[in-house]
Amino acid sequence: MAILEIKNLHKRFGNNEVLKGIDLTLEKGNVLVIIGSSGGGKTTLLRCINFLEKPDKGTISVNGKTVFDSDDPSTTVYKNIRKNRLHFGLVFQQFNLFPHYSVLNNIMLAPKLALKAEMKEYKKQNGASAAKAEKARRLKAIEENAKNLLEQVGLSEKAAAYPFELSGGQQQRVAIARALALEPDILCFDEPTSALDPELVGEVLRVLKELAKSGKTMIVVTHEMRFAKEVADRVIFVNEGTIAEDGTPEQVFDNPQKERTKQFLQSIL
Amino acid sequence: MMSFSQQFPIVLNALNVGFLQTLKLFIVTLLGALPLGLIISFGSMSKFKPLSKLVKTIVWIIRGSPLMIQLIIVFYMPGIVFGNPIWGGGETGRFAAAAVAFIINYACYFSEIYRGGIEGVPYGQQEAGEVLGLTKSQIFFKIKLLQVIKRIVPPMSNEIITLVKDTSLARIIALQEVIWAGESFLKGSHGIAGQIWPLFFTAVYYLLFNGLLTILFGKLEKKLDYYRG
């Protein structure tokens, strides 16, 4: 069964129909790279998947479970969105770290808040003293996990630093660790290296490659074609709100079927 | 006639009493206007257009007209226009009227500062909170609030220092604050008459108090200086 299944996704802003019926399935452990010219809809597609935009039409399913259905209003209630969106993680182009928290606290904030809510239930069922012990144990686990993630992105020594003290590449690696802390099924990247100085792109792509190797399911919107060729299991070319080309990196880059894809590839290579 | 050294303690005593009233008005205004301003700012940022239009119009009227006139209207209008002098003639009533006018006036100024602070937090912060599964109140309290506070401390301290001096406008409805107390020695009070220096001397009270506030706000700014952005 596909880990992600998108059917007939439509999104319009005013008179501008940005997505004109996207159908897409993704297998677990695959890395999907989305390419396309700006304004073509690739970022909107990613934002729809992460519930930052509400599609006008279509369905999104994760592991066979519908998480969004334009015909089912209950899937558009914030409370339900909040639960369903945790299947996904999103790394932004502009990092969007929380400037007033240290690196470690940036990573731990969401898990800690989630724990707080869970412990309320736990307390009701098991009593206050048991809850206290359990909470201490789980907090420790959250901190350990955060430290492991920092090590994974190569920033252990920056745990106590604040975002403004980091380079763009380091900030983006922290943002990746922050997204991983919630253990999403699918990790999405919205042009993760576009805001970086050229010499900082490599360190971020290296982290992405390691994640891909470890079997993480990923969707990456990017202009880094070398990265796409090297890492992607599959590449789609989104153009004017539809998927114009879909295949392995070899098929899309070396043997594109559509004229539009050829033009695009020529313009960027 | 009393010598200056004889006058001084008497005047100081009277001015202290007046300044206490000034201080009371200042504190009551802050306690009322800080939360009311936040509510007004939410109103002016509301996506419900009629509400935001209405709130913006009120803010325009309050900020666009002199506080002195607002004081006079709040104090005299119920009695003179509606024949219902709700404030009464005593000092308590004058204080209540002054407090109402000041709270409304300053809440409108504060609301604009809040709005600027809230809208100044990049939208990416909201989205980062959303994709991490935070609730709306968690996003406000855990992510935005401190960033808003950091942004509004400098303009707020400016406005609050102005408030200290603006309390003197309550003199127009004869609230017995420090200016009123200083002025009383012109006409005669406590056996002293025709003296202008007590009125001049009231400035020292404002200066010292604002000096203290400046130091406190400086400390707060420094405390928030541990991060940037």
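Residues numbered from 1 in each chain as written. Chains lettered and ligands numbered in written order. Predicted model: local features only at pLDDT ≥ 70, side-chain atom pairs only at ≥ 80, totals over all residues. Heavy atoms only, no water.

**Describing the overall build of chain B**
A tally of helices and strands in chain B yields eight helices and zero strands. Scanning chain B from its N terminus toward the C terminus, one meets helices and strands in the order α-α-α-α-α-α-α-α. Dimensions along the principal axes, computed over C-alpha positions, put chain B at roughly 75 × 50 × 25 Å. Buried residues in chain B amount to 44% of all 229 residues. Counting only contacts in chain B whose residues sit at least 6 apart along the sequence, the fraction spanning at least 24 positions is 76%. When the accessible surface of chain B is split by element, carbon and sulfur atoms take 70% of a total near 11,800 Å². Taking the 20 positively charged and 11 negatively charged side chains of chain B as two groups, their mean positions are separated by 4 Å. (Helix = DSSP H or I, 4+ residues; strand = E, 2+ residues; numbered from the N terminus. Buried < 20%, exposed > 50% of the residue type's maximum accessible area, 1.4 Å probe, protein only. Contact = heavy atoms within 4.5 Å. Areas by Shrake-Rupley, 256 points an atom, 1.4 Å probe, with all protein chains shown as cover. Lys, Arg positive; Asp, Glu negative; His and termini not counted. Charge placed at Lys NZ, Arg CZ, Asp CG, Glu CD.)

**Details of empty space enclosed by the protein**
Residue and element names in this part refer to chain A. This structure, assessed with the given rule, holds one cavity of 30 Å³ or more. By residue number, the principal contributor to the lining of the largest cavity is strand β6 (residues 88-91), which donates three residues. Its residues assigned to classes, the lining of the largest cavity comprises seven nonpolar, one polar and no charged. (1 Å grid on protein atoms, 1.4 Å probe; cavity = no way out; pocket = protein on both sides within 12 Å on 5 of 7 lines; lining within 4 Å. Points joined across faces, edges and corners; volume = space filled by probe spheres on them. Nonpolar A, V, L, I, M, F, W, Y, C, P; charged D, E, K, R; others polar.)

**Some words on the packing of aromatic side chains**
Residues and elements named next belong to chain B. According to the stated counting rule, one finds 20 aromatic pairs over all chains in the structure shown. With a centroid separation of 5.6 Å and 80° between ring planes, the pair formed by F8 and F201 is classed as edge-to-face. On the criterion of sequence distance, the pair formed by F8 in helix α1 (residues 4-44) and F201 in helix α8 (residues 197-223) is long-range, its members being 193 residues apart. With relative accessibility at 27%, the residue F8 sits in the partly exposed group. (Phe/Tyr/Trp six-rings, centres within 6.5 Å; stacked < 30°, edge-to-face > 60°.)

**Quick notes on the nonpolar core**
Grouped together as the largest cluster of nonpolar side chains are 54 residues, with contacts concentrated most on I35, I107, I176, F189 and M218 of chain A. When residues of this core are assigned to their parent elements, the largest contribution, eight residues, is made by helix α6 (residues 198-213) of chain A. Contact partners of M218 of chain A, with chain neighbours within four places excluded, come to L26, N30, V31, L32, L187, F189, L208, L211 and A212 of chain A. Residues A33, V55, A101 and F110 of chain B belong to the second largest nonpolar core, which totals 51 residues. (Core = buried A, V, L, I, M, F, W, Y, C linked by side-chain atoms within 4.5 Å.)

**With respect to the pairing of strand β8 (residues 217-221) of chain A**
Residue and element names in this part refer to chain A. With five of five residues buried, β8 is to be regarded as a mostly interior element. Residue alternation in β8 divides its side chains into two sets, T217, I219 and V221 and M218 and V220, and both sets are buried. Bridge analysis of strand β3 (residues 31-35) against β8 gives four bridges, and the strand direction is parallel. If you follow I34 over to β8, its bridge partner there is V221. (Pairing = 2+ DSSP bridges.)

**Re the interface of chain A and chain B**
Listed per partner, the contact involves 24 residues of chain A and 22 residues of chain B. Note on chain A versus chain B: buried area summed over both sides is about 2,200 Å², and carbon and sulfur give 65% of it. Area buried by chain A at its contact with chain B is led by Y78, H100 and F164 of chain A, which between them contribute 27% of it. Our count for the contact surface shared by chain A and chain B stands at two salt bridges. For R47 of chain A, the salt bridge identified is with E127 of chain B, shortest N-O distance 2.6 Å. Inspection of the region where chain A meets chain B yields 10 residue pairs in polar contact (both at pLDDT 80 or more). Mapped by element, the contributors of at least two residues to the side of chain A that touches chain B are α2 (78-84), β6 and α3 (103-126) of chain A. Residue composition of the side of chain A that touches chain B, by class: 16 nonpolar, three polar and five charged. (Buried area = accessible area lost by both parts, 1.4 Å probe. Salt bridge = Lys/Arg side-chain N within 4 Å of Asp/Glu carboxyl O. Polar contact = N/O pair within 3.5 Å; in protein donor to acceptor, adjacent residues only side chain to side chain.)

**Observations regarding the packing of helix α5 (residues 123-131) of chain B against helix α6 (residues 136-166) of chain B**
All names here are of chain B. For the pair α5 and α6, interaxial distance at closest approach is 10 Å and the crossing angle is 155°. Classified by the angle between their axes, α5 and α6 sit roughly antiparallel to one another. Both α5 and α6 take part in a crossing whose hand is right-handed. From α5, Q125, Q126, G129 and E130 reach across to α6, where they touch I139, I143, K144 and Q147. (Axes fitted to C-alpha atoms, helices over the stretch in contact; angles between N-to-C directions. Parallel < 35°, antiparallel > 145°, perpendicular 65-115°, else oblique. Left-handed = near helix turned anticlockwise from the far one by under 90°.)

**Notes on the sheet that holds strand β4 (residues 57-62) of chain A**
All names here are of chain A. With antiparallel pairing, four strands are arranged side by side in an open sheet as β2-β1-β4-β5. The sheet is open, and its two edges are formed by β2 (16-26) and β5 (65-69), each paired on a single side. Averaged over all pairs of adjacent strands, the angle between strand axes in this sheet comes to 20°, irrespective of strand direction. Against the sheet, helix α1 (residues 42-49) contacts β1 (4-13), β2 and β4, and its axis sits at roughly 115° relative to β1.

**Notes on the packing of helix α2 (residues 49-64) of chain B against helix α4 (residues 91-120) of chain B**
Residue and element names in this part refer to chain B. Here α2 crosses α4 at 115°, and the two axes come no closer than 9 Å. As for how α2 packs across α4, the hand of that crossing is left-handed. Residues V59, I62 and R63 of α2 form the contact with α4, whose participating residues are I104, N105, C108, Y109, S111 and E112.

**So, the pattern of salt bridges**
Going through the model one piece at a time under the given rule, you end up with 17 salt bridges over all chains. Among the ionic pairs, K7 of chain A bridges to E5 of chain A, the shortest N-O distance being 3.9 Å. The exposure class assigned to K7 of chain A is partly exposed, which follows from its relative accessible area of 44%. A salt bridge links R85 of chain A to E130 of chain B; its shortest N-O distance comes to 3.6 Å.

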